[in-house]
Amino acid sequence: MDYLRYYVPVVVQLAAYAGFALGGNWVFIGIASLPLLGLIDSVLPNDMRPRTMKRGLLADLPIWFATILAVGLYFMAAWWVRSAEAITPWQYAGAILSLAWMSVVPLVPASHELYHQRGKLRRFIGTYSQVCYLDCTREIAHVTGHHLDVATEHDGDTARRGVSLYGFTGNAVIQSTRDAWRMESDSLEKQGYGRWSIRHRIWKALLAQLVMQSLVFLIGGWTAVAVVLGGMIGARFWVESFNYFQHYGLIRVPGGAISRRHVWNHLKPLSRVMGFEITNHADHHTDSFAAFHELRPDRQWIPMPSVFVCFFSALIPPLWHNVVIKPALKRWDNELATPEERELAKAQNRAAGWPDWFDEKPAGAWAAS
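Residues numbered from 1 in each chain as written. Predicted model: local features only at pLDDT ≥ 70, side-chain atom pairs only at ≥ 80, totals over all residues. Heavy atoms only, no water.

Enquirer: What is the right way to look at the overall build of the protein chain in this model?
Expert: When you go through the protein chain residue by residue, the secondary structure sums to 14 helices and zero strands. Counting from the amino terminus, the protein chain carries its helices and strands in the arrangement α-α-α-α-α-α-α-α-α-α-α-α-α-α. Relative to the compact-globule value of 21 Å for 369 residues, the protein chain shows a C-alpha radius of gyration of 21 Å, a close match. Projected onto the principal axes, the alpha-carbon positions of the protein chain cover approximately 65 × 55 × 45 Å. Here the protein chain, with 369 residues, has 56% of them falling under the buried criterion. In the protein chain, 75% of the contacts between residues at least 6 apart in sequence involve partners at least 24 apart. With the model as given, the accessible surface of the protein chain reaches about 16100 Å², and the carbon-plus-sulfur share is 65%. Computing the positive centroid from 35 side-chain charges and the negative centroid from 30, the protein chain places the two 3 Å apart. (Helix = DSSP H or I, 4+ residues; strand = E, 2+ residues; numbered from the N terminus. Rg over C-alpha atoms; globule rule 2.2 N^0.38 Å. Buried < 20%, exposed > 50% of the residue type's maximum accessible area, 1.4 Å probe, protein only. Contact = heavy atoms within 4.5 Å. Areas by Shrake-Rupley, 256 points an atom, 1.4 Å probe, with all protein chains shown as cover. Lys, Arg positive; Asp, Glu negative; His and termini not counted. Charge placed at Lys NZ, Arg CZ, Asp CG, Glu CD.)

Enquirer: Looking at this model, I keep getting lost on the side chain of Asp155. Mind explaining?
Expert: Relative to the helices and strands, Asp155 resides in the loop between α8 (138-149) and α9 (165-190). This buried residue, Asp155, is left without a salt bridge; Arg252 holds the nearest opposite charge, at 7.4 Å. In this structure the side chain of Asp155 is engaged in a polar contact, spanning 2.5 Å, whose partner is the side chain of Thr158. Filtering out sequence-adjacent residues up to four positions away, Asp155 remains in contact with His146, Asp149, Val150 and Gln175. (Salt bridge = Lys/Arg side-chain N within 4 Å of Asp/Glu carboxyl O. Polar contact = N/O pair within 3.5 Å; in protein donor to acceptor, adjacent residues only side chain to side chain.)

Enquirer: Whenever I open this one, the packing of helix α13 (residues 317-335) against helix α14 (residues 339-352) confuses me. Can you help?
Expert: Two packed helices can be described by the angle between their axes and the distance between those axes. Two elements in contact, α13 and α14, have axes separated by 9 Å at closest approach and are oriented at 150 degrees. Taken as a pair, α13 and α14 cross one another with a handedness that is left-handed. Within the contact between the two elements, α13 uses Trp332, Asp333 and Asn334 and α14 uses Glu341, Arg342, Ala345 and Asn349. Taken together, the residues of the contact of α13 with α14 sort by class into two nonpolar, two polar and three charged. (Axes fitted to C-alpha atoms, helices over the stretch in contact; angles between N-to-C directions. Left-handed = near helix turned anticlockwise from the far one by under 90°. Nonpolar A, V, L, I, M, F, W, Y, C, P; charged D, E, K, R; others polar.)

Enquirer: What is the right way to look at the nonpolar core in this model?
Expert: Generally speaking, a soluble globular protein has its nonpolar side chains buried in company with each other. Core analysis: the biggest nonpolar cluster contains 83 residues, and Phe20, Trp101, Tyr244, Tyr248, Trp264 and Trp320 have the highest contact counts within it. Among the elements that take part in this core, helix α10 (residues 201-247) stands out by supplying 16 residues, more than any other. If we ignore the near neighbours within four places in the chain, the residues touching Tyr244 are Ala159, Val163, Ser164, Leu165, Phe168, Ala314, Trp320 and His321. Counting residues in each nonpolar core, the second largest holds eleven residues, with Met53, Ala110, Phe276 and Phe292 among its members. (Core = buried A, V, L, I, M, F, W, Y, C linked by side-chain atoms within 4.5 Å.)

Enquirer: How do you make sense of the pattern of salt bridges when you look at a structure like this?
Expert: Two side chains bearing opposite charge may form a pair once their charged atoms approach each other closely. By the definition in use, this model includes 24 salt bridges. Arg49 is paired through a salt bridge with Asp2; the nearest N and O atoms lie 2.4 Å apart. With a gap of 47 residues between them, Arg49 in the loop between α3 (29-43) and α4 (57-83) and Asp2 in helix α1 (residues 2-5) connect regions that are remote in the sequence. One connected set of salt bridges, linked through shared partners, spans Asp179, Arg182, Asp186, Glu189 and Arg195.

Take a look at the structure:
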């Protein structure tokens, strides 16, 4: 059963393919999965069970399927543009939204799993499948930036307290892109090359995008290119929402040890399955080479809702802040934070205009985490 459950994302992708094959308003199938999955996930109990899977092809197959199908969906959309007799603006919007959502889930967690693992082919496919959200250099800032700076002021993927999803997303896109390019340039310079030499991975990323768009054009012309780019741009901004929910407001002293308490976990069944355990990632930040099915739910966690519920609530910032994240952060500050982290949290709360909830005696659970 553990092996089979990770084919749920693949089935959702195939449903999106069927939507483009059927045409008309059926192209909304992809985006329609978002509220449907969110509704189901929100009423299910938390899934705290570790997986009993072994490394190997059987465990990896759904990851490969999800990655390849996500790229192929763009070509399917181009075919739809070419073959449909008439397409309304409403249907174009549905196609773009479906492409964007399918590029976020399940592609982001699937590609993330591949480029974090050892093996040239895995890393190559994981890296360049990110062409679907215009970010084939993402793993540079993610692996050598986010994983070192998580929960600190230096981490562009950790939203400061008081920041809304709308205020976070655009800045996160800019910072992650800028950091990736700067890190790559710094690395080249240390090796004795020019900061923007032909060895820079940005040129490979641009080539991947050129190849992708050329194939889309050959299938469906400029209209298909416009639809595909619409989906990719939407996905690029949507991708950052994952980090918003996974790290919001958490605090770590720069240079301090990274522990399981420095991330949020969303352990509803569909959150775990659709995200290939990216929402169950406490262990991922202590061992980034651990396979998705090896990540064990953190039983000392402060419970968070389904990641889908977090997304929808964050669209209404007062709802997100007052109902979801403030109660969780109040517990984190008073139960899990070290004294040094509490001081940093106090400063962020004051800057955000949030209440002072630090009179409670710390439980000291941080010492064991």
